[in-house]
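# Descriptive analysis of the structure
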Amino acid sequence: MRSINIGLTDEQRAGVIDLLNHDLADSYLLVVKTKKFHWDVVGPQFISLHKLWDDHYEAISANIDAIAERIRALGGYPIGTMKGFLDYASLAEHPGNIPMATGMVSALVEDHEQIVRNLREHIDGCSEDFHDQGTADFLTGIMEQHEEMAWMLRSFIEGEALNANGARPEFSSKEPVTV
Ligand SMILES: [Fe+2]
């Protein structure tokens, strides 16, 4: 078969493919964890979180497909087994642990933040170590999505931090605050 001639060496492509497989594995774990909380959440925020996690599930699933197909476009093969995803992921599963809604949100914020940190490193690796600006750009878009998903989830937790006056702690001083 004709070799791939897109200005990257085999070593550069292999390096990028390995980074992408790590991101694929983490995305797979996150999509499972997101779906589980979509099912299990209870409490006054049920509908909001149930729907939000459905949206996140759809977005992460689309990214999974895009990451896997980018691996193929670079001549590699995506991980395609659950064991492979578990072995390659940096996220951890917590079987049997069903926290309250706030705990679920907090756990997913941590997972999204972990993925953002990983992606930031991988973006630098793609452009600086492997000369692949295309994948760096591709991963930058995905990182921005996780930053936004983390922000949405973080906002739920911050909503829990009401003080006795019903004001958010950062706005509870006597000084007038303009926002
Ligand atoms: Fe559902």
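Residues numbered from 1 in each chain as written. Predicted model: local features only at pLDDT ≥ 70, side-chain atom pairs only at ≥ 80, totals over all residues. Heavy atoms only, no water.

## So, the overall build of the protein
Definition in use: Helix and strand assignments follow DSSP, with helices taken as H or I runs no shorter than four residues and strands as E runs no shorter than two, numbered in order from the N terminus. Relative accessibility decides the category of a residue: with a 1.4 Å probe and only protein chains considered, values under 20% of the type maximum give buried, values over 50% give exposed, and everything between is partly exposed. Should any heavy atoms of two residues lie within 4.5 Å, those residues are considered in contact. Accessibility throughout is a Shrake-Rupley quantity obtained with a 1.4 Å probe, and a residue counts as covered only by protein chains that appear here.
For the protein, the helix and strand inventory stands at five helices and zero strands. Reading the helices (α) and strands (β) of the protein from amino to carboxyl end gives α-α-α-α-α. Burial statistics for the protein: of 179 residues in total, 37% are counted as buried. For the protein, contacts bridging at least 24 residues in sequence account for 79% of all contacts bridging at least 6. Summed over all atoms, the accessible surface of the protein reaches about 10400 Å², with 54% contributed by carbon and sulfur.

## Concerning the packing of aromatic side chains
For the record, the criterion: Between 30 and 60 degrees the pair is tilted, below 30 it is stacked and above 60 it is edge-to-face, where a pair is any two Phe, Tyr or Trp rings, Trp via its six-membered ring, whose centres lie within 6.5 Å. Working rule: Lys NZ or Arg CZ, within 6 Å of ring centre, within 35 degrees of ring normal, means a charge sits over the ring.
By the definition in use, this model includes two aromatic pairs. Taken together, a centroid distance of 4.1 Å and an interplanar angle of 15° make the contact between Tyr28 and Phe85 stacked. Of this pair, Tyr28 sits in helix 1 (residues 10-40) while Phe85 sits in helix 3 (residues 82-88); the two residues are 57 residues apart in sequence, bridging distant segments of the chain. Pairing Phe37 with Trp53 gives two aromatic rings, centres 6.0 Å apart and planes at 45°, and the pair type is tilted. Of this pair, Phe37 sits in helix 1 while Trp53 sits in helix 2 (residues 46-73), and the two are 16 residues apart along the sequence. Of the residues examined, Trp53 reaches a relative accessible area of 0% and is grouped as buried. The side chain of Lys35 reaches across the aromatic face of Tyr57, ending 3.9 Å from its centre. A cation over an aromatic ring shows up here: Arg70 above the ring of Phe138, its NZ or CZ 5.7 Å from the ring centre.

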